[in-house]
Amino acid sequence: MPLMGGTLRAPSLYLIIPFLHHRYPSLRLRLLGHSIKHFSSPASSTNFAVSPQRHSVEHPVGSPTKPRTKQIKPPKRNQTELVQTPLNIMNARSLDAAVKEKKAKSVKQKRREFHESPAGLLQRGLDQCSKRGNTVRALELYDSAVADGIPLSISHYNCLLYLCSLPSSPGVSNGQGDSACDVALKDPEAKFNDSEVSKMAVERGFEIYKRICEDPDVEPNEATLTSMARLAAMKGAPHLAFDLVKQMVKMGMPPKLRSYGPALYGFCDKLNVEMAHEVETHMDTHGVIPEEAELAALLRAYAIKGRAHHVYRLLHRIRTLIRQVSEPTAEIIQSWFQSDAAAAVGASKWDIQKIKQGIVQGGGGWHGQGWLGTGQWRVERSVMSEDGVCKNCREKLVCIDIDPSETEGFARSLMDLPYFKKNRYEFSRFKEWLKKNGPFDAVIDAANVGLCNQREFNFYQINSVIKRIMEVSPSKKMPLVILHARRVYDETAAAPKNRQLIESWKRANCLYYTPKGSNDDWYWLYAAVCNKCLLVTNDEMRDHLFQLLGTSFFPRWKEKHQVRMTFSHRGPTLHMPPPYSIVIQESESGSWHIPTTTGDDLETPRQWICATRETTKAVAGGITSAKSDTDNMKRRTQRFVS
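What you see is a predicted model, and the numbers here were worked out from it, not measured in a lab. (Residues numbered from 1 in each chain as written. Predicted model: local features only at pLDDT ≥ 70, side-chain atom pairs only at ≥ 80, totals over all residues. Heavy atoms only, no water.)

Colleague: What am I meant to see in the overall build of the protein here?
Modeller: Broken down by element type, the protein carries 32 helices and 12 strands. For the protein, with 642 residues in total, the buried portion stands at 43%. In the protein, 68% of the contacts between residues at least 6 apart in sequence involve partners at least 24 apart. Here the protein has roughly 36,100 Å² of accessible surface; of this, 53% comes from carbon and sulfur atoms. (Helix = DSSP H or I, 4+ residues; strand = E, 2+ residues; numbered from the N terminus. Buried < 20%, exposed > 50% of the residue type's maximum accessible area, 1.4 Å probe, protein only. Contact = heavy atoms within 4.5 Å. Areas by Shrake-Rupley, 256 points an atom, 1.4 Å probe, with all protein chains shown as cover.)

Colleague: Would you mind going over the UniProt feature "repeat: PPR" (unreviewed entry) in the protein with me for this structure?
Modeller: Residues annotated in UniProt with the feature "repeat: PPR" (unreviewed entry) correspond here to residues 221-255. Helix makes up 74% of residues 221-255 and strand 0%, with an end-to-end C-alpha separation of 10 Å. (UniProt positions renumbered as here; feature names shortened; annotations may be inferred.)

Colleague: Whenever I open this one, a positive patch on the surface confuses me. Can you help?
Modeller: Together, Lys421, Arg424, Lys431 and Lys435 line one region of the surface with positive charge. For the positive patch, the element with the most residues is helix 23 (residues 424-437), which contributes three residues. One can find Lys435 in helix 23. (Patch = residues over 30% accessible without salt bridge, like charges linked within 9 Å, V, L, I, M, F, W, Y side chains within 5 Å. Salt bridge = Lys/Arg side-chain N within 4 Å of Asp/Glu carboxyl O. Lys, Arg positive; Asp, Glu negative; His and termini not counted. Charge placed at Lys NZ, Arg CZ, Asp CG, Glu CD.)

Colleague: Would you explain the sheet that holds strand 7 (residues 562-568) in this entry?
Modeller: Picture the strands of a sheet paired through backbone hydrogen bonds; they go either parallel or antiparallel. Strand order across the open sheet formed by six strands is 5-4-3-6-7-8, with mixed pairing between neighbours. Looking along the sheet, the strands with just one partner apiece sit at the ends: strand 5 (511-514) and strand 8 (571-575). Between one strand axis and the next, the sheet turns by 25° as a mean value, whatever way the strands run. Note that strand 3 (residues 442-445) and strand 4 (residues 480-484) share three bridges and pair parallel. Looking across to strand 4, one finds that Asp445 is bridged to Ile482. Here helix 25 (residues 459-472) sits on the sheet and contacts strand 3, strand 4, strand 6 (534-536), strand 7 and strand 8; the angle it forms with strand 8, its principal contact strand, is near 50°. (Pairing = 2+ DSSP bridges. Axes fitted to C-alpha atoms, helices over the stretch in contact; angles between N-to-C directions.)

Colleague: I would appreciate a short explanation of the nonpolar core in the present structure.
Modeller: A general tendency of soluble globular proteins is for nonpolar side chains to be buried together. Within the largest apolar cluster, 78 residues are counted, with the highest numbers of intra-cluster contacts made by Phe337, Trp371 and Trp592. With eight residues, helix 16 (residues 292-305) is the single largest residue contributor to this core. Setting aside residues no more than four positions away along its own chain, Trp592 makes contact with Tyr312, Leu315, His316, Phe337, Trp371, Trp377, Ile584, Gln585, Glu586, Ile609, Cys610 and Ala611. Core analysis: the next-biggest nonpolar cluster, separate from the first, contains 55 residues, Phe457, Phe459, Val481 and Ala528 among them. (Core = buried A, V, L, I, M, F, W, Y, C linked by side-chain atoms within 4.5 Å.)

Colleague: So what exactly am I meant to see when it comes to the pattern of salt bridges here?
Modeller: As enumerated under the stated definition, the model contains 20 salt bridges in all. For Glu280, the salt bridge is made with Arg317, and the minimal N-O distance between the two is 2.8 Å. Highlighted residues: Glu280 in helix 15 (residues 273-285) and Arg317 in helix 17 (residues 308-321), separated in sequence by 37 residues. Note on accessibility: Glu280 and Arg317 belong to one class, buried.

Colleague: For this particular structure, what's the right way to read helix 16?
Modeller: Note: α-helices contain 3.6 residues per turn, so residues at a spacing of three or four share the same orientation. Here helix 16 spans 20 Å end to end across 14 residues, near enough to the 20 Å set by a 1.5 Å rise per residue. Counting buried residues in helix 16 gives 10 out of 14 residues, a clear majority hidden from the surface. Residues of helix 16 that are buried make contact with helix 14 (257-269), helix 15, helix 17 and helix 18 (327-337). A positive backbone phi angle near 75° is found at Gly306, which sits one or two residues after helix 16. (Expected span 1.5 Å × (residues − 1).)

Colleague: Honestly, the packing of aromatic side chains in this entry has me stumped. Any pointers?
Modeller: Note on aromatic pairs: each is described by the distance of the centres and the angle between the planes. Within the structure shown, the criterion is met by 22 aromatic pairs. When the ring of Phe337 is compared with that of Trp371, the centres are 5.9 Å apart and the planes differ by 85°; the resulting orientation is edge-to-face. With a gap of 34 residues between them, Phe337 in helix 18 and Trp371 in the loop between helix 20 (352-361) and strand 2 (377-382) connect regions that are remote in the sequence. Pairing Phe554 with Trp557 gives two aromatic rings, centres 6.3 Å apart and planes at 15°, and the pair type is stacked. Of this pair, Phe554 and Trp557 both sit in helix 31 (residues 554-561), separated by three residues, roughly a single helical turn. Residue class for Phe554 comes out buried when judged on its relative accessible area of 4%. Exposure remark for Trp557: the relative accessible area of 1% places this residue in the buried category. Of the aromatic side chains, those joined through ring pairs into one cluster are Phe427, Phe430, Trp433, Phe440, Tyr512, Tyr523 and Tyr526. (Phe/Tyr/Trp six-rings, centres within 6.5 Å; stacked < 30°, edge-to-face > 60°.)

Colleague: Is there a simple way to think about the packing of helix 25 against helix 28 (residues 496-507) in this case?
Modeller: Two packed helices can be described by the angle between their axes and the distance between those axes. Following both chains from N to C, one finds helix 25 and helix 28 inclined at 35°, their axes separated by 10 Å at the closest point. The element helix 25 and its partner helix 28 pack so that their crossing is left-handed. Where helix 25 abuts helix 28, its residues Phe459, Tyr460, Ile462, Asn463 and Ile466 lie against Lys497, Asn498, Leu501, Ile502 and Trp505. For the contact of helix 25 with helix 28, a count of residues per class yields seven nonpolar, two polar and one charged. (Left-handed = near helix turned anticlockwise from the far one by under 90°. Nonpolar A, V, L, I, M, F, W, Y, C, P; charged D, E, K, R; others polar.)

Colleague: What's the story with the sheet that holds strand 10 (residues 592-595) in this structure? I'm lost.
Modeller: Overall, antiparallel pairing links the four strands, which are arranged 2-11-10-9 in an open sheet. The sheet is open, and its two borders are formed by strand 2 and strand 9 (585-586), each paired with just one other strand. Pairing between strand 10 and strand 11 (residues 608-613): four bridges, direction antiparallel. The partner of His593 across the bridge, within strand 11, is Cys610. Of the strands in this sheet, strand 2, strand 10 and strand 11 are in contact with helix 18, which crosses strand 2 at around 155°.

Colleague: How should I be thinking about the packing of helix 13 (residues 238-250) against helix 15 in this particular structure?
Modeller: Where helix 13 meets helix 15, the axes come as close as 12 Å, and the angle between the chain directions of the two elements is 20°. In terms of orientation, helix 13 and helix 15 fall into the roughly parallel class. Along this stretch, helix 13 crosses helix 15, giving a crossing that reads as left-handed. Residues His239, Phe242, Val245, Lys246 and Val249 of helix 13 form the contact with helix 15, whose own contacting residues are Met275, Glu278, Val279 and His282. Considered class by class, the residues forming the contact of helix 13 with helix 15 number five nonpolar, two polar and two charged. (Parallel < 35°, antiparallel > 145°, perpendicular 65-115°, else oblique.)

Colleague: In this structure, what is going on with helix 31? I would like to understand it.
Modeller: Of all eight residues making up helix 31, six are buried, and the element is well covered by its neighbours. When helix 31 is considered as a whole, its buried residues turn out to be Phe554, Arg556, Trp557, Lys558, Glu559 and His561.

Colleague: For this particular structure, what's the right way to read unusual backbone geometry?
Modeller: If a residue is not glycine, its phi is most likely negative; likewise, a peptide bond is most likely trans. For the bond running from Gly438 to Pro439, omega is -5°, close enough to zero to count as cis. Position of Pro439 among the secondary structure elements: in the loop between helix 23 and strand 3. Unusually for a residue other than glycine, Arg323 sits at a positive phi of about 75°. For Arg323, the location among the structural elements is in the loop between helix 17 and helix 18.

Here it is as structure tokens:
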């Protein structure tokens, strides 16, 4: 084979080996062996020679041309190549798996060593005490560890402080490792003074915290200071609890809602509303949103002190954050309206145009202009008709619209949740499917519909709901049916009639079955939000998944889009969203309607607190004075007679 002007086939194959070395490490020896075998074959040995010591190609023997040797630098070895097995045939994926397995073994080994160490045994003992609430036993373990010189970590200290800060400490030991519950089972007549144990736990808690501050190897965290704030509140020092929260901020620790609880409840119990308001302001400054328990404590303190302005403010804050109140909060509100302080406040004259303007600016349902009317409040429990008319005062509640931009923002925020990020590929496919086959007027949670009042999954029940939805749908289009893949391919779905229904839904492009391992709740929720349509389900959406969505927008959206259903021998009955908003409402005349969580189902109507005054009827136009119902009735009668 001539060297000049010809094609050097075999050596050219060998010249690309470095590239293959770099891209395909597992083929390195295999290609090298193939090349050596080719060059050492009888057909090629007469013309070519391969230097085993140098990766070079030499000229044919006897060639008149001066031989030239081209050096091929061996590829650089990385760390992955150095840890290969002696055979050097393990690919990169196998190597990664081996490294991960080795790391996992090392982690398990370290964890096992820690569990068997004195510090690990102490941690296990404290964890058991934490589960049982056995404070005294935990302190005994702590004293033994200090005497034995066992080094303590922040996790040990936090567990101890948590047990010391429990409201009551039932973990009284009888010297044999038994808690108070165990002792009570053995000796029913055994009695313990919980107040003395709690006092002892508080003192020991401060002692432990002093040791934490003196230990240079231990740094307190948010859990440490929160437990100390609880101990300070138990000691009757809410100021100290509030100072600990401020210390968190100085140390760069963002305080949590639980961090503010001891100081806030402590000030509210002492009716120190000035300091309670300061704690509330501190929470707002650092972005901590109170929940119903915190708002109820503030409302109770302000109501007892007769601070009408703050009661009014908190009612509107509860309206925004909570919407419907539980029974304990409802009793606090009801007690306020029945008090003399509530009867003493209120405007006797107001500008009706300003009131209407405030309602428009507030989005409806409240005006924010303060208490209207004078005199005693008439407070009763009531229910609403289907049209939203109070059966007590005959006032009609309003429907508060949702801004479309809020819905779009909520749809975008769904994709930021961990579940959507983890399954981004599947949801991207679902979004493309929705764009191709949508929009829909309704989305059906088929798993909920198919099992409603049924022992086995009923496809015909789903089909009956589909037909009923099509009857009330403006476009008469079939709704979107969301169903898990397991339901589509199980034994029930394999029945000929059920399979026929499933295939008809597929042909209509209205069935989407979620993949295995997925949660179909997120799919029908996302579809209903994006399509701005109705959602057919009896699911109350109260579990931890929907709690991730917060209490700002999702409850309002659910209230205006969820369609519930009941079934009878005549077929399904759809219960459409109410034409009014289930939220605290303040009317133009100054009356209040507060929804409670009592009776929140289809069979039992929801209870409302109806608070009205006899002198809260205003006449339209200008600045008006409040007139009583009796005077207005007399005036109408006189006009009719004349």
